[in-house]
Amino acid sequence: MQDIAVIEDPAAAEVSLDPIRARLLAELSEPGSATMLAAKVGLPRQKVNYHLKTLEAHGLVEMIEERRKGNVNERIMRATAASYVISPAVLASVAPDPDRAPDQLSASWLLAVAVRLVRDMGALITGAAKARKRLATFAIDGEVRFASAADRAAFVQELSGAVTALVSKYHTENGRDHRIVVAVHPSMKEAS
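If you're wondering where the values come from, they're calculated on a predicted model, not measured in any experiment. What you see as residue numbers is a count from 1 along each chain, following the sequence as written. Totals for whole chains, interfaces and linings use every residue, but because this is a predicted model, local features are given only for residues with pLDDT of at least 70 and side-chain atom pairs only at 80 or more, for both listing and counting. With hydrogens and water stripped out, all remaining heavy atoms of the structure feed into the side-chain values.

(A) Examining the layout of surface pockets more closely. By volume, the second largest pocket amounts to about 210 Å³. Detection works on a 1 Å grid of protein atoms alone, calling trapped sets that fit a 1.4 Å probe cavities and calling open sets with protein on both sides within 12 Å along at least five of seven lines pockets, with lining residues defined by an atom within 4 Å of a point. Around the second largest pocket sit 13 residues that line it, and Ala 34, Arg 45, Asn 73, Glu 74 and Arg 75 are the ones nearest its centre. Under the DSSP-based scheme used, a helix requires at least four consecutive residues in state H or I and a strand at least two consecutive residues in state E, with every element numbered from the N terminus. Among the secondary structure elements, those contributing two or more residues to the lining of the second largest pocket are helix H3 (34-41), helix H4 (45-57) and strand S3 (72-79). If you tally residues by element for the lining of the second largest pocket, the top one is S3, at 5 residues. Three classes are used, and their members are as follows: Ala, Val, Leu, Ile, Met, Phe, Trp, Tyr, Cys and Pro are nonpolar, Asp, Glu, Lys and Arg are charged, and the others, Gly among them, are polar. Partitioning the lining of the second largest pocket into residue classes produces 4 nonpolar, 4 polar and 5 charged. Grid points are joined across faces, edges and corners, and a volume is the space filled by probe spheres set on the points.

(B) Seen up close, the packing of helix H2 (residues 19-27) against H3. Running from N to C, H2 and H3 cross one another at 115°; their axes reach a closest spacing of 11 Å. What the angle tells us is that H2 and H3 run roughly perpendicular. In the crossing of H2 with H3, the sense of the turn from one axis to the other is right-handed. Contacts between H2 and H3 pair Arg 23, Leu 24 and Glu 27 from the former with Leu 37, Lys 40 and Val 41 from the latter. Split into classes, the residues belonging to the contact of H2 with H3 amount to 3 nonpolar, no polar and 3 charged. Interaxial angle, 0 to 180 degrees, is taken between N-to-C directions of lines fitted to C-alpha atoms, where a helix line uses only the stretch in contact. Any angle from 65 to 115 degrees is called roughly perpendicular, while one under 35 is roughly parallel, one over 145 is roughly antiparallel, and all others are oblique. It is the rotation of the near helix from the far one that decides the hand of a crossing: anticlockwise by less than a right angle makes it left-handed, clockwise makes it right-handed. Only heavy atoms matter for contacts: two residues are in contact if any of them lie within 4.5 Å across the pair.

(C) Inspection of the nonpolar core at higher detail. Counting 19 residues, the largest nonpolar core has Leu 24, Leu 28, Val 48, Leu 52 and Leu 55 as the members making the most contacts within it. Elements supplying a minimum of two residues to this core: helix H1 (10-17), H2, H3, H4 and S3. Among the elements that line this core, the one with the most residues is H3, at 4 residues. For Val 48, the contacting residues outside a window of four places in its chain are Leu 24, Ala 34, Leu 37, Ala 38, Val 41 and Leu 43. Nine residue types can take part in a nonpolar core, namely buried Ala, Val, Leu, Ile, Met, Phe, Trp, Tyr and Cys, and a core is a set of them joined through side-chain atoms within 4.5 Å. The classification of residues rests on relative accessible area computed with a 1.4 Å probe and restricted to protein chains. Under 20% of the type maximum is buried, over 50% is exposed, and intermediate values are partly exposed.

(D) Structural context of the environment of Arg 68. Relative to the helices and strands, Arg 68 is located in strand S2 (residues 61-69). Residue class for Arg 68 comes out exposed when judged on its relative accessible area of 57%. At 3.1 Å, the side chain of Arg 68 forms a polar contact with the side chain of Asn 73. Definition of a polar contact: a pair of N or O atoms within 3.5 Å, with one able to donate and the other able to accept a hydrogen when the atoms are protein atoms, and with sequence-neighbouring residues admitted only if both atoms are side-chain atoms.

Shown next, in the form of structure tokens:
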């Protein structure tokens, strides 16, 4: 089972968004049969089996074992990943493009950059998994509290200067390109 799988196929994305199928995916972080799942989710076994076959056809669940139980074969299924992300590539024709209107102070531009980050990371993760290679990445995630808008503006200016200096120091015409994304936005408080 992968830690995270990126759904890049529109049909698989549609299948995964069905509430019953999403619940089955969550339940299948631990292997189970249609009979076991039916008891957990309160649906008839036949209906669960139908949804499992649909999920399996799109590569979201896999059979890990087949057991003989009475006069039937019981298929033990498992989700192919612990977590799933739907790539913005699914909506490529209407996805925001950060190159269209680069405005470092625009929330829309930041969202377009984030969409590109998710799309690119999805493709890189998928490619690395197929090649059975590790993917070299790095991220920093943190919070800072500013006393004023002026302090926030000064922080952004200093951060921009530091990143620009690092890029100037290490950038070369040879080697592999790497994308840098630095974002500052208000924090969201998680609901409790």
